[in-house]
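Structural description and commentary
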Amino acid sequence: MINIVIFGAPGSGKGTQSDKLIEHYHLFHISTGDVLRDHMRRGTELGMVAKEYIDQGQLVPDDLIIDLLAQVLDENKENTTQGVIFDGYPRTIPQAEALEGMLAERGTQVDAVVGLEVPDEELIKRIVLRGEQSGRADDNEDTARKRIEVYYEQTSPLKAYYQEQGKYLAINGMGTIDGIFELIQHELDNI
Ligand code: B4P
């Protein structure tokens, strides 16, 4: 069993590399962004609250996200026995601490944090391009810049948090999707 956090700024390739990891390691994938977008599509109460934050480029409040993650883990007890890819979670220190507690209750832990490192201007380019192709409302230049600002303020401290635990694997997120996946695989095969 292996639990991996895939970490990085918005547009760094988290969702993209998660797809490759699932295929290769047969892990259960939890993307909090996907779960929130599903709630928004269905117009649930959580979806309506989340939309207010996501459209502004802000993080959804920790208490809502932590409850959501606990619920997803509880609903998927059988599916998570081989391990989980946490994609886009944690995004704050309180979320990381909550994750530690939830996994400890299940007798497990975060084994590795794959940190995709990509320069800001490339992040903006990727997000704007995806916005043009998918019509995702938060994928426009102004919101992308806000999301990156929020990333530096609230999410990037997690890098040091996981480095102190010896779990952070720095990956150069520039290059082809397959080339980046090879770097990730090489690092994971050595843990
Ligand atoms: P997410 O859905 O997690 O969105 P994201 O950060 O943009 O990452 P994503 O995985 O989609 O993009 P990727 O980098 O793969 O979150 C959306 C919002 O939900 C957040 O802003 C926040 O408001 C909220 N939220 C989610 N989780 C939360 C939490 N835990 N706490 C609070 N709020 C939360 O890819 C981007 C683009 O780049 C794609 O088009 C891809 O094709 C392209 N790309 C990928 N790799 C590439 C490469 N090597 N070269 C060129 N292009 C590449």
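Report follows, based on the coordinates. (Residues numbered from 1 in each chain as written. Predicted model: local features only at pLDDT ≥ 70, side-chain atom pairs only at ≥ 80, totals over all residues. Heavy atoms only, no water.)

Moving on, we get to empty space enclosed by the protein. Within the structure shown, the criterion is met by 1 cavity of 30 Å³ or more. For the largest cavity, the calculated volume is near 40 Å³. Around the largest cavity, the lining residues are Ile6, Phe7, Gly8, Lys14, Gly88, Tyr89, Pro90, Arg91 and Thr155. In terms of residue count, strand β1 (residues 4-8) provides more of the lining of the largest cavity than any other element does, 3 residues in total. In the lining of the largest cavity, the residues fall into 4 nonpolar, 3 polar and 2 charged. (1 Å grid on protein atoms, 1.4 Å probe; cavity = no way out; pocket = protein on both sides within 12 Å on 5 of 7 lines; lining within 4 Å. Points joined across faces, edges and corners; volume = space filled by probe spheres on them. Helix = DSSP H or I, 4+ residues; strand = E, 2+ residues; numbered from the N terminus. Nonpolar A, V, L, I, M, F, W, Y, C, P; charged D, E, K, R; others polar.)

Below, the discussion takes up the site of the ligand. In the vicinity of the ligand, 28 residues are found, and the nearest of them are Gly13, Thr32, Gln58, Arg130 and Arg147. Between the ligand and the protein, one listed contact pairs an oxygen atom with a backbone N or O atom of glutamine 58 at 2.8 Å. Separating a nitrogen atom of the ligand from a side-chain N or O atom of glutamine 95 is a distance of 2.9 Å. Across the complex, the protein chains shield 87% of the 990 Å² of accessible surface that the ligand would expose by itself. The cavity where the ligand resides is the largest pocket. (Near = heavy atom within 4 Å. Polar contact = N/O pair within 3.5 Å; in protein donor to acceptor, adjacent residues only side chain to side chain. Areas by Shrake-Rupley, 256 points an atom, 1.4 Å probe, with all protein chains shown as cover. Sits in = over half its atoms within 2 Å of the grid points.)

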